[in-house]
Amino acid sequence: MIHESYTQGQVRIAKARAFEALSKAIARRCRSRRISFASCGSIEAARQKVAELVAQFHEEDGLTTLGVGDIRPLRRLDLLGMLAQHTGLEILLPELPRYEAANDDWVDRLQATVMADIFLTSPDAVTTSGEIFSSDDMGNQVGGVIFGPRRVIMVVGRNRVHKSLDSVLAESRGNSSVIVYGAMEGYKDRVHLLLVDADLKPLGHGRAAAHEPLRVELLAPRAGGIGPIQGVLAQQ
């Protein structure tokens, strides 16, 4: 509910504050789980952050291969063309459908992405407590996050934030895995979670989001400013 007296500019400010509050809540829990967290206020900001991380891993850590777990939600970020500009970085992207190639060859390609130096993927959901959730038919997305790559970049949209695992599981179907992640010994900041102020992948690959985590309610404005913001973490 937004009071009719608010201008579009004031509504944008309120939504930005709500996203900031959501980001801070997730960031606190990610720190306790040894997950590096970044809040990206736009798709362009997310593109820049991914490029920054990949360049750092490539130039400072000498990592040379990048595997992609699920390209569908990442297409909106238009990352592959940008990442291909990194000289010396090999991008492993086994998108070839199984019916177009020998099954053994396809599995080999899939395994190569999971064992790349850098793993880029998008989880189905995260909670404000820092749990990461993926529905995964083959196990490659979950496998690449848990073990193998030296660095993992996970990009998730604001529409995939839930208040609890119960909410996530109630919406999910099919094969699924919950990752309550603590970095492997000696690998601080191995996993990098990027929260984007945009709608990316709906749970179940294609279904519309069943909830809106940034429902903002603005009461009548106070003199000279925006009134109280209520329900900024109003997930299911």
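Further up the page is the structure itself.
Draft legend 1. The arrangement of the packing of aromatic side chains in detail. Taken as a whole and judged by the stated rule, the model has zero aromatic pairs. The ring of phenylalanine 57 has arginine 151 lying over it, and the distance from NZ or CZ to the ring centre is 5.7 Å.

Draft legend 2. Spotlight on the pairing of strand 7 (residues 151-157). The element strand 7 is largely enclosed, with a buried count of seven among its seven residues. Both faces of strand 7 are covered, namely the face carrying Arg151, Ile153, Val155 and Gly157 and the face carrying Val152, Met154 and Val156. As defined by bridge partners, strand 4 (residues 118-121) adjoins strand 7 across four bridges and the pair is classed as parallel. Paired with threonine 121 across the strands is methionine 154, a residue of strand 7. With six bridges connecting them, strand 7 and strand 10 (residues 191-196) associate as parallel partners.

Draft legend 3. View of unusual backbone geometry. Backbone geometry places arginine 34, a non-glycine residue, at a positive phi of 60°. Positive phi is not limited to glycine here, since aspartate 78 has a value of about 50°. Structurally, aspartate 78 can be placed in the loop between strand 2 (65-68) and helix 3 (79-83).

Draft legend 4. Looking closely at the environment of cysteine 40. Within the secondary structure, cysteine 40 sits in strand 1 (residues 36-40). On the basis of relative accessible area, cysteine 40 is assigned to the buried category, the value being 3%. Considered as a pair, cysteine 40 and valine 155 are 115 residues apart in the sequence and their alpha carbons are 9.8 Å apart. Residues contacting cysteine 40, with those up to four places away along its chain left out, are Phe19, Ala45, Ala46, Lys49, Leu194, Leu195, Val196 and Asp197.

Draft legend 5. The pairing of strand 4, seen in detail. The two faces of strand 4 match: Ile118 and Leu120 on one face and Phe119 and Thr121 on the other face are all buried. Bridge count between strand 2 and strand 4: three bridges; the pairing is parallel. Note that in strand 4 the partner of glycine 67 across the bridge is phenylalanine 119.

Draft legend 6. Structural detail: the pattern of salt bridges. Across all of its chains, the model carries seven salt bridges by this definition. Between arginine 33 and glutamate 131 there is a salt bridge whose closest N-O contact spans 3.7 Å. Taken together, the residues span a long stretch of sequence, with arginine 33 in the loop between helix 1 (8-32) and strand 1 and glutamate 131 in the loop between strand 5 (125-127) and strand 6 (132-135) at a distance of 98 residues. Here arginine 33 matches glutamate 131 in class, with each residue buried. The salt bridge involving aspartate 199 is made with arginine 158; its shortest N-O contact spans 3.5 Å. Here aspartate 199, found in the loop between strand 10 and strand 11 (217-218), pairs with arginine 158, found in the loop between strand 7 and strand 8 (161-162); they are 41 residues apart in sequence, far enough to count as distant. Overlapping salt bridges, with partners in common, bring together Arg158, Asp197 and Asp199 in one network.

Draft legend 7. How the structure looks around helix 1. For helix 1, spanning 25 residues, the distance from its first C-alpha to its last is 37 Å, which sits close to the expected 36 Å at 1.5 Å a residue. For helix 1, the set of buried residues is Val11, Ala14, Ala18, Phe19, Leu22, Ser23, Ala25, Ile26, Ala27 and Cys30. Once helix 1 ends, the next one or two residues include arginine 34, with phi positive near 60°.

Draft legend 8. A look at the environment of lysine 15. Its location among the elements puts lysine 15 in helix 1. We classify lysine 15 as partly exposed; its relative accessible area is 45%. Along the primary structure lysine 15 and aspartate 197 are separated by 182 residues, whereas in three dimensions their C-alpha atoms are 9.8 Å apart.

Draft legend 9. Examining the sheet that holds strand 1 more closely. Read across the sheet, six strands follow the order 1-10-7-4-2-3 without closing on themselves; strand pairing throughout is parallel. Only two strands of the sheet have a single neighbouring strand rather than two, namely strand 1 and strand 3 (90-92). Between one strand axis and the next, the sheet turns through 20° on average, direction left out of account.

Criteria and thresholds
- Residues numbered from 1 in each chain as written.
- Predicted model: local features only at pLDDT ≥ 70, side-chain atom pairs only at ≥ 80, totals over all residues.
- Heavy atoms only, no water.
- Phe/Tyr/Trp six-rings, centres within 6.5 Å; stacked < 30°, edge-to-face > 60°.
- Lys NZ or Arg CZ within 6 Å of the ring centre and 35° of its normal.
- Buried < 20%, exposed > 50% of the residue type's maximum accessible area, 1.4 Å probe, protein only.
- Helix = DSSP H or I, 4+ residues; strand = E, 2+ residues; numbered from the N terminus.
- Pairing = 2+ DSSP bridges.
- Contact = heavy atoms within 4.5 Å.
- Salt bridge = Lys/Arg side-chain N within 4 Å of Asp/Glu carboxyl O.
- Expected span 1.5 Å × (residues − 1).
- Axes fitted to C-alpha atoms, helices over the stretch in contact; angles between N-to-C directions.

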